[in-house]
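Below, each chain spelled out in residue letters.
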Amino acid sequence: MRDYLLTLCVTAAVTYLLTGPVRKFAIATGAMPEIRARDVHREPTPRLGGIAMFFGLCAGLLVADHLQNLNSVFELSNEPRALLSGAALIWIIGVLDDKFEIDALIKLGGQMIAAGVMVMQGLTILWIPVPGVGTVSLTSWQGTLLTVALVVITINAVNFVDGLDGLAAGMVCIAAAAFFLYSYRIWFGYMIEAAAPATLFTAILMGMCLGFLPHNMHPARIFMGDSGSMLIGLVLAAAAISVTGQVDPDALKIFEGSTREATHAALPVFIPLLLPLTIIAIPVADLVLAIVRRTWKGQSPFAADRGHLHHRLLEIGHSHSRAVLIMYFWSALIAFGVVAYSVHSASMWIVLVIVVLSAVGLVLLLLPRFTPRAPHWAEAFVPPRYRRRRVRRAEPAPALSYEGQEPRAEGIPERTPVPAGVNGATAIGPRSRFPDRRKAGTRG
């Protein structure tokens, strides 16, 4: 655990220290796109934050290679090299897209090629555990197709959720933390060395996200761009592929005893089928809803819009920071809930805690719909938005003559005040109560 923490800290430090120079480089090269209709921010913000994250990845792998307890990962497995090769390719594609806005189909082809590069170097799904059936071995073609599909889905899910400051990095960091606990338990608890690469990948991924978040929290000084979102999506997918398709379920020796005991003991093995999807459940749900929504409207599935989940949270009435925290909450609830259930599947307390926290999350989600007002005695202790508004009654102003000097005499018709136009109120003058029929630029 100490070596993993050291790798995480080095990765976070390198990413954090390089993000500042990368921001200056992005401004100098003009990697600051104009604000689009679907964007939430109001000022042009530089991208290319993925450059710092990629070098943080390289630093983490380099440090782990020189640590005594982690060096065996590089000697016994080719997965770290496969990850670095696929990450370098997807990172280059992302940098080009951040600068030149390449076509979506070209990016999709690049994602598939990056996944194929990892498959060629051994990072692929070899078998999958199926409940009620056992371990099912996959052919090379089946493993390749399943691996490529998982990589592409994960990359695009993370890319879709990258719409608010700090949202994608925070959600992936939460997912990586839950995945780290699960893979570390498989590696350390069951003494299975095949789970060590996934544990290393998730530790490095947490360092990449933690190092970038201080620069990306609202208001963000730099965006990770596609070079960062596709990169962390690929690393997350690589960890899921490693722990799902490389760990042999028979090595856990769980298929022993009665059928009921074997079923409860087998849950830690069946969880990898669900854990990669539950960890990114919110991004995947956002991805599916976006495809259905755009196809229903007759648009391309790759067309951008403002219908994502984070956009809807803002429309409900949540602030930028609170919308991000709510997405964090749901990601952590799903990810850590699944991990906790895989450890103590027979305990009903875990299910009850998840249900209670889900109810709390729904209350937080719908809070702007029900704006509570604090009593008068408690207004000094709550934020201003929860205080009762006091409406002051304005005294009626005396009627004025046309010149605005004397009260209106009898017989003179009353004029209806209208908003001032060109000749109305200014920053230093009073607002006119009556329309001025003279045109702008004329003198009376």
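For the structure, see preceding data.
Counting its secondary structure elements, the protein chain contains 15 helices and 2 strands. Across the 444 residues of the protein chain, 44% fall into the buried class. Considering only residue pairs separated by 6 or more positions, the protein chain has 70% of its internal contacts joining residues 24 or more positions apart. Here the protein chain displays about 23,900 Å² of accessible surface, and carbon together with sulfur accounts for 64% of that area.

Let's shift gears to unusual backbone geometry. Across the chain, the bulk of peptide bonds are trans and the bulk of non-glycine residues have phi less than zero. Here H218 and P219 are connected by a cis peptide whose omega angle stands at -5°. Structurally, P219 can be placed in the loop between α8 (196-216) and α9 (225-245).

The next thing to look at is the nonpolar core. In terms of nonpolar packing, the biggest core is built from 93 residues, with Y4, L57, L200, L205, I232 and L234 touching the most fellow members. When residues of this core are assigned to their parent elements, the largest contribution, 17 residues, is made by helix α7 (residues 167-189). When residues no more than four places from it in sequence are discounted, the contact partners of L205 are V172, A176, I232, V235 and L236.

Moving on: α7. In a regular helix each residue adds 1.5 Å, so 23 residues correspond to 33 Å; α7 covers 32 Å between its end C-alpha atoms and thus fits that length. Taken across its 23 residues, α7 has 19 buried, putting it largely inside the fold. Immediately downstream of α7, the backbone of M191 shows phi near 55°, a positive value.

Its location among the elements puts S229 in helix α9. In this structure S229 comes out as buried when scored by relative accessible area, which is 0%.

What follows deals with the packing of aromatic side chains. Following the criterion strictly, the structure yields 7 aromatic pairs and no others. With 5.9 Å between their ring centres and 70° between their planes, F54 and F55 make a pair best called edge-to-face. Judged by its relative accessible area of 8%, F54 falls in the buried class. Residue classification places F55 among the partly exposed positions, given a relative accessible area of 39%. Relative to W330, the ring of F329 has its centre 5.9 Å away and its plane inclined at 80°; by these criteria the two rings are edge-to-face. By relative accessible area, F329 is classed as partly exposed at 24%. By the ring-pair criterion, three or more aromatic residues cluster together here, those being Y4, F180 and Y184.

Moving on, we get to the pattern of salt bridges. Note that side chains of opposite charge can pair when their charged atoms are close. The final tally for this structure, using the stated rule, is 3 salt bridges. Notably, a salt bridge pairs E101 with R47, separated by 2.8 Å at the nearest N-O pair. Here E101 is found in the loop between α4 (79-100) and α5 (104-120), whereas its partner R47 is found in the loop between α1 (2-29) and α2 (50-65), with 54 residues between them in sequence. The partner of K107 in a salt bridge is D97, and the shortest N-O contact between them spans 3.6 Å. Taken together, the positions of K107 in helix α5 and D97 in helix α4 put the pair 10 residues apart, joining distant regions of the chain. With a relative accessible area of 2%, D97 lands in the buried category. Salt bridges linked by common partners bring D97, K107 and D226 together as one network.

For the coordinates displayed, the defined rule picks out 0 disulfides. For C209, which is in no disulfide, the shortest distance to another cysteine sulfur is to C173 and amounts to 5.3 Å. Judged by its relative accessible area of 0%, C209 falls in the buried class.

A surface patch of nonpolar side chains, about 310 Å² in accessible area, is lined by I92, L96 and F100. For L96, the position within the fold is in helix α4. On the basis of relative accessibility, which here comes to 40%, the residue L96 falls in the partly exposed class.

The next point concerns the environment of V117. Looking at the element boundaries, V117 is found in helix α5. Residues V117 and V148 lie 31 residues apart in sequence; the distance between their C-alpha atoms is 9.9 Å. Residues contacting V117, with those up to four places away along its chain left out, are S85, G86 and L89.

Reading the values: the criteria
- Residues numbered from 1 in each chain as written.
- Predicted model: local features only at pLDDT ≥ 70, side-chain atom pairs only at ≥ 80, totals over all residues.
- Heavy atoms only, no water.
- Helix = DSSP H or I, 4+ residues; strand = E, 2+ residues; numbered from the N terminus.
- Buried < 20%, exposed > 50% of the residue type's maximum accessible area, 1.4 Å probe, protein only.
- Contact = heavy atoms within 4.5 Å.
- Areas by Shrake-Rupley, 256 points an atom, 1.4 Å probe, with all protein chains shown as cover.
- Core = buried A, V, L, I, M, F, W, Y, C linked by side-chain atoms within 4.5 Å.
- Expected span 1.5 Å × (residues − 1).
- Phe/Tyr/Trp six-rings, centres within 6.5 Å; stacked < 30°, edge-to-face > 60°.
- Salt bridge = Lys/Arg side-chain N within 4 Å of Asp/Glu carboxyl O.
- Disulfide = S-S within 2.5 Å.
- Patch = residues over 30% accessible without salt bridge, like charges linked within 9 Å, V, L, I, M, F, W, Y side chains within 5 Å.

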